[in-house]
Amino acid sequence: MTRLSRSSSRFLWFIMLSLCILCLGLWTQKISFGLISYTWPTSTATILESRGVKTRLDSDDAPSYGVRAKYLYQIQGARYTNDVIRFTLSDGAREPALQMLRHLPKGRTVPVRYNPNNPQTATLLPGIEKASLIVLAGLAFVTVVCLMGLLFGWRWHSRTGIG
């Protein structure tokens, strides 16, 4: 087995840490939008289209079901279209997806919450899913592991000169 050089090892830990921080930042932004969306003003949206989707990551995996919807809303005379149902909505079991699809048929009028500072940012369902917090905790854990690998690996290399 080939050993990584000291600089290659540091670079690998640095890249992994950078990717973790990027993912953590993006996911934190989605969660913060989800939480703050409770405070946003409400308008009315019309569902332009909605459909159920079935996805598989691998042929051996059980399918996941989700809903994709596009809606139109108007804020101070300006018309916007959006497709965000919930900032942290993920695909999952079939029954919840079917219920959501029944709730969002084409032509239905539904409440929409929009960011008053940027009305193009909107959501039909404010808040977040509990599973999002699990993802956030997992990303935070992996980020800490990568940070420890980078720092302790660096100290180990500095002290021992091995690797």
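Further up the page is the structure itself.
So, here's what we can say about the structure. Every residue gets a number counted from 1 within its own chain, in the order that chain's sequence is written. Totals for whole chains, interfaces and linings use every residue, but because this is a predicted model, local features are given only for residues with pLDDT of at least 70 and side-chain atom pairs only at 80 or more, for both listing and counting. To obtain the side-chain values, all non-hydrogen atoms of the structure were used and water was disregarded.

### Quick look at the overall build of the protein
Cut-off, in case you're wondering: Put simply, DSSP H or I for four residues or longer makes a helix, DSSP E for two residues or longer makes a strand, and each gets a number counted from the N terminus. Between buried and exposed lies partly exposed: a residue is buried under 20% and exposed over 50% of the maximum accessible area for its type, with that area taken using a 1.4 Å probe on protein chains only. Contacts between residues were defined by any pair of non-hydrogen atoms, one from each residue, lying within 4.5 Å. Using a 1.4 Å probe, the Shrake-Rupley method yields the accessible areas, and only the shown protein chains count as cover for residues.
The helix and strand tally for the protein stands at three helices and five strands. When the helices and strands of the protein are read in sequence order from the N terminus, they spell out α-β-β-β-α-β-β-α. Out of the 163 residues in the protein, the part that is buried amounts to 28%. Contacts in the protein between residues at least 24 apart in sequence constitute 72% of all its contacts with a sequence separation of at least 6. Of the accessible surface of the protein, which amounts to about 10,700 Å², a share of 61% is contributed by carbon and sulfur atoms.

### A few points about a nonpolar patch on the surface
We apply this condition: Distance thresholds for patches are 9 Å for like charges and 5 Å for nonpolar side chains (Val, Leu, Ile, Met, Phe, Trp, Tyr), applied to residues having over 30% relative accessible area and no salt bridge. Salt bridges are defined by distance alone: a side-chain nitrogen of Lys or Arg within 4 Å of a carboxyl oxygen of Asp or Glu.
A contiguous nonpolar patch, built from Phe 11, Phe 14, Ile 15, Leu 19, Leu 22 and Leu 26 and spanning about 590 Å² of accessible area, is present on the exposed surface. By the element assignment, Leu 22 lies in helix α1 (residues 6-36).

### Some thoughts on the packing of aromatic side chains
Short version of the rule: Each Phe, Tyr or Trp ring (for Trp, its six-membered ring) is paired with any other whose centre lies within 6.5 Å, and the angle between the two planes then decides the class: stacked below 30 degrees, edge-to-face above 60, tilted in between.
Scanning the model with the defined rule gives five aromatic pairs in all. On the numbers, 5.3 Å between centres and 45 degrees between planes, the contact of Phe 33 with Phe 87 is tilted. Highlighted residues: Phe 33 in helix α1 and Phe 87 in the loop between β3 (78-82) and α2 (94-103), separated in sequence by 54 residues. For Phe 87, a relative accessible area of 12% gives the class buried. Ring geometry for Tyr 71 against Tyr 73: centres 5.9 Å apart, planes inclined by 35 degrees, an arrangement best described as tilted. Judged on exposure class, the residue Tyr 71 and its partner Tyr 73 are both buried. Linked through ring pairs, Phe 33, Trp 40 and Phe 87 together constitute an aromatic cluster.

### Here we look at the pairing of strand β1 (residues 42-55)
Let me state the cut-off plainly: Criterion used throughout: strands pair if DSSP finds at least two bridges between them.
With five bridges joining them, β1 and strand β4 (residues 109-115) adopt antiparallel strand pairing. Each bridged residue has a counterpart across the sheet, and for Ala 45 the counterpart in β4 is Val 110. Alignment of β1 against strand β2 (residues 64-75), held across ten bridges, turns out to be antiparallel. Following the sheet pairing, Glu 49 is matched in β2 by Lys 70.

### A closer look at unusual backbone geometry
Outside of glycine, negative phi angles account for most residues, and trans bonds account for most peptide bonds. Positive phi, close to 50 degrees, is recorded for Gln 76, a residue that is not glycine. Tracing the sequence through the fold places Gln 76 in the loop between β2 and β3.

### Description of the pattern of salt bridges
Close approach of charged atoms allows side chains with opposite charge to pair. Applying the stated criterion to the full structure yields one salt bridge. Arg 102 is the salt-bridge partner of Glu 95, the closest N and O atoms lying 3.8 Å from each other. In this structure Glu 95 comes out as partly exposed when scored by relative accessible area, which is 46%.

### A word on the environment of Leu 124
With respect to the helices and strands, the residue Leu 124 is situated in the loop between β5 (118-123) and α3 (130-160). A C-alpha to C-alpha distance of 9.5 Å links Leu 124 and Thr 42, two positions 82 residues apart in sequence. Leaving out residues up to four positions away in the same chain, Leu 124 has contacts with Ala 45, Ile 47, Tyr 71, Val 84, Ile 85, Leu 104, Val 110, Pro 111 and Val 112.

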